[in-house]
Amino acid sequence: MDVLVTGGAGFIGGHIAERMTRLGHDVTALDNFEPFYNVGIKEHTVEQCRELAAEGNGSYELVNDDLRDAELVNELVADADYVYHQAAQAGVRASVKNPRKVNEINIDGTINLLEAARNSDTERVVVASSSSVYGKPQYLPYDEDHPTTPVSPYGVSKLATEQYARVYSEVYGLPTVSLRYFTVYGPRMRPNMAISNFVSRCLHGEPPVIYGDGSQTRDFTFVDDILWVNEKLLESDAADGEIMNVGSTDNIAIKTLAKEVRDQLAPELELEYGERNDADAEHTHADISKVNELLGYEPATDIREGVGEFIDWYRANEEWYDPLVRDS
Ligand SMILES: NC(=O)c1ccc[n+]([C@@H]2O[C@H](COP(=O)([O-])OP(=O)(O)OC[C@H]3O[C@@H](n4cnc5c(N)ncnc54)[C@H](O)[C@@H]3O)[C@@H](O)[C@H]2O)c1
């Protein structure tokens, strides 16, 4: 099958492209290598996918270009059976600095993609949404009926993304599924996220820094669980037109997580605290009944196992991945 992955050199898109290549599909990854974080990490992802293809799995092609180019997106979508739309300006804090850019990439870019798909024979468009659409918890865990009151431009853009996908399904009959990912982590994750930051600092004898008092909780989801759902959507139409949470349900306070990493790597270090960012959600916790019912999803990796796996991977790949080693 021909699979287009937008944001295919990024963290989650890169894993989807890798998995699809491994499964024997013909993969096209569209990515403009936004320098939001070190692009060397994305180059490693691309290299990994090329190696897989060279070993006789599926095929892999990188298109180093921009989702905002509607003509290009039309051409790429016309050749694809399945589209995994992961490209976005991710990151809540970046969105507070530059909401217009977030709007252009995340919302206008999504419309380019959906417009192209409704004019093609696309089998399914799977869209990356986010737990950031919820914003302020009225109750926890969040089910999909919980009110959406995002607290950042990023959250607004993801809400618009998933609602456009739903409307394209209802109005034009385009099969779309939106997945509200809950804080995803794992190999090649964006290095500016909490888990990666804690590991990097502890490995280098620097205390992990917690923004706020650390009582904020997160439903950290290991990337393999995210991949499971995306892969399942190649074969199942049970979720067409739907918007679904994908989390681990194993939520943990940021302070507990920092201690966990610190205790494994450098028990002598004290935790440090920085200023809390108002655009960060206070708590996230996923109710996953819907994705469980429709696709049979069960998270397979809890936070302690996942962090252990991530630390092992980190040590093996520190040379090119860790900002403190790479840039020294
Ligand atoms: N990582 C998480 O915890 C998380 C949680 C919820 C939702 N998401 C969503 O999942 C998706 C993937 O996130 P990620 O963590 O892999 O982020 P990422 O930044 O690693 O990946 C996004 C990729 O999109 C590319 N991109 C950005 N603008 C582009 C453009 N105009 N044209 C082409 N490519 C462009 C970037 O270069 C990057 O490689 C995003 O849509 C994000 O909003 C991520």
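Residues numbered from 1 in each chain as written. Predicted model: local features only at pLDDT ≥ 70, side-chain atom pairs only at ≥ 80, totals over all residues. Heavy atoms only, no water.

Participant: Describe the site of the ligand, and please don't skip the residues or the numbers.
Facilitator: The local shell around the ligand holds 30 residues, among which Ile-12, Asp-31, Tyr-37, Tyr-154 and Val-184 are the closest. One nitrogen or oxygen atom from the side chain of Asp-66 is found 2.9 Å from a nitrogen atom belonging to the ligand. A distance of 2.8 Å separates an oxygen atom of the ligand from a polar side-chain atom of Lys-158. Within the residue set of the shell around the ligand, elements represented by two or more residues are helix H1 (11-22), strand E5 (124-130) and helix H6 (153-172). At three residues, E5 tops the list of elements feeding residues into the shell around the ligand. Grouping the constituent residues of the shell around the ligand by class yields 15 nonpolar, seven polar and eight charged. (Near = heavy atom within 4 Å. Polar contact = N/O pair within 3.5 Å; in protein donor to acceptor, adjacent residues only side chain to side chain. Helix = DSSP H or I, 4+ residues; strand = E, 2+ residues; numbered from the N terminus. Nonpolar A, V, L, I, M, F, W, Y, C, P; charged D, E, K, R; others polar.)

Participant: With reference to specific residues and values, describe the pairing of E5.
Facilitator: Burial runs high along E5: seven of the seven residues are buried. Burial along E5 is two-sided: Arg-124, Val-126, Ala-128 and Ser-130 and Val-125, Val-127 and Ser-129, pointing in opposite directions, are all buried. Pairing geometry for strand E4 (residues 82-85) and E5, over four bridges, is parallel. Bridging across to E5, Val-83 finds its partner in Val-125. Alignment of E5 against strand E6 (residues 176-181), held across six bridges, turns out to be parallel. Bridge assignment links Val-127 to a residue of E6, and that residue is Ser-178. (Buried < 20%, exposed > 50% of the residue type's maximum accessible area, 1.4 Å probe, protein only. Pairing = 2+ DSSP bridges.)

Participant: Please set out the packing of aromatic side chains residue by residue, giving values where relevant.
Facilitator: Under the defined criterion, the tally for this structure stands at 14 aromatic pairs. Plain terms: the ring middles of Tyr-134 and Phe-182 are 6.4 Å apart, the flat faces sit at 40° to each other, and that makes the pair tilted. Residue Tyr-134 is located in the loop between E5 and H6, and its partner Phe-182 is located in the loop between E6 and strand E7 (184-185); the two are separated by 48 residues in the primary sequence. Residue Phe-182 is classed as buried on the basis of its relative accessible area, which comes to 0%. Taken together, Phe-310, Trp-313, Tyr-314, Trp-320 and Tyr-321 form an aromatic cluster joined through their ring pairs. One cation-aromatic arrangement involves Lys-42 over Tyr-37; the distance from NZ or CZ to the ring centre is 4.7 Å. In this structure, Arg-93 is placed above the aromatic ring of Tyr-211, and the distance from its NZ or CZ to the ring centre is 5.1 Å. (Phe/Tyr/Trp six-rings, centres within 6.5 Å; stacked < 30°, edge-to-face > 60°. Lys NZ or Arg CZ within 6 Å of the ring centre and 35° of its normal.)

Participant: Go over helix H3 (residues 70-78) with me, naming the residues and quoting the values.
Facilitator: Within the span of H3, buried status applies to Leu-72, Val-73, Leu-76 and Val-77. The arc that holds the buried residues of H3, viewed along the axis, is 125°, so those residues lie on one side. Exposed residues on H3 whose side chains face more than 90 degrees from its buried face are Glu-71 and Ala-78. Looking at the buried residues of H3, the elements they touch are strand E1 (2-6), strand E2 (26-30), strand E3 (59-63) and helix H5 (99-118). Two or three places before Glu-71, at the opening of H3, Asp-69 has a side-chain oxygen 3.2 Å from that residue's backbone nitrogen. (Arc of directions from axis to C-beta. Contact = heavy atoms within 4.5 Å.)

Participant: Please set out the UniProt feature "domain: NAD(P)-binding" (unreviewed entry) in the protein residue by residue, giving values where relevant.
Facilitator: As recorded in UniProt, the sites labelled "domain: NAD(P)-binding" (unreviewed entry) are residues 4-309. Each end of residues 4-309 is marked by a C-alpha atom, and these two atoms are 29 Å apart; helix forms 42% of the span and strand 16%. (UniProt positions renumbered as here; feature names shortened; annotations may be inferred.)

Participant: Could you give an account of the nonpolar core, with specific residues and numbers?
Facilitator: Counting 71 residues, the largest nonpolar core has Tyr-84, Leu-179, Tyr-181, Ile-195 and Leu-233 as its most contacted members. The element best represented in this core is helix H11 (residues 303-321), accounting for eight residues. If we ignore the near neighbours within four places in the chain, the residues touching Leu-179 are Val-126, Val-127, Ala-128, Ser-129, Ser-130, Val-229, Asn-230, Leu-233, Met-244 and Val-246. (Core = buried A, V, L, I, M, F, W, Y, C linked by side-chain atoms within 4.5 Å.)

Participant: Could you give me a rundown of H11, with the residues and numbers involved?
Facilitator: The terminal C-alpha atoms of H11 lie 21 Å apart, and with 19 residues this falls more than 12% below the ideal 27 Å at 1.5 Å per residue. The sharpest bend along H11 measures roughly 55° and falls at Arg-315. Measuring from the backbone nitrogen of Arg-304 back to the side-chain oxygen at the start of H11 gives 3.2 Å, which picks out Asp-302 as the cap. (Expected span 1.5 Å × (residues − 1). Bend = angle between axes of the 7 residues up to and from the residue.)

Participant: Describe the sheet that holds E6, naming the residues involved and giving the relevant values.
Facilitator: On the basis of which strands lie adjacent, the open sheet formed by seven strands has the order E3-E2-E1-E4-E5-E6-E11 and parallel pairing. Single-partner strands in this sheet number two, and they are E3 and strand E11 (243-246). Looking at each pair of strands side by side, their axes are set apart by 20° on average, direction ignored. Pairing of E1 with E2 involves five bridges; the strand directions are parallel. (Axes fitted to C-alpha atoms, helices over the stretch in contact; angles between N-to-C directions.)

Participant: Describe unusual backbone geometry, listing the residues and the values that go with them.
Facilitator: In the segment running from Leu-140 into Pro-141, the intervening peptide bond is cis, with an omega of -5°. The topology assignment puts Pro-141 in the loop between E5 and H6. Residues other than glycine seldom take positive phi values, yet Arg-188 does so here, at roughly 70°. As for its position among the elements, Arg-188 is in the loop between E7 and helix H7 (194-203). Positive phi, normally seen in glycine, also occurs at Thr-249, with a value near 70°. Checked against the element boundaries, Thr-249 lands in the loop between E11 and strand E12 (252-253). When its relative accessible area of 33% is taken as the criterion, Thr-249 is described as partly exposed.

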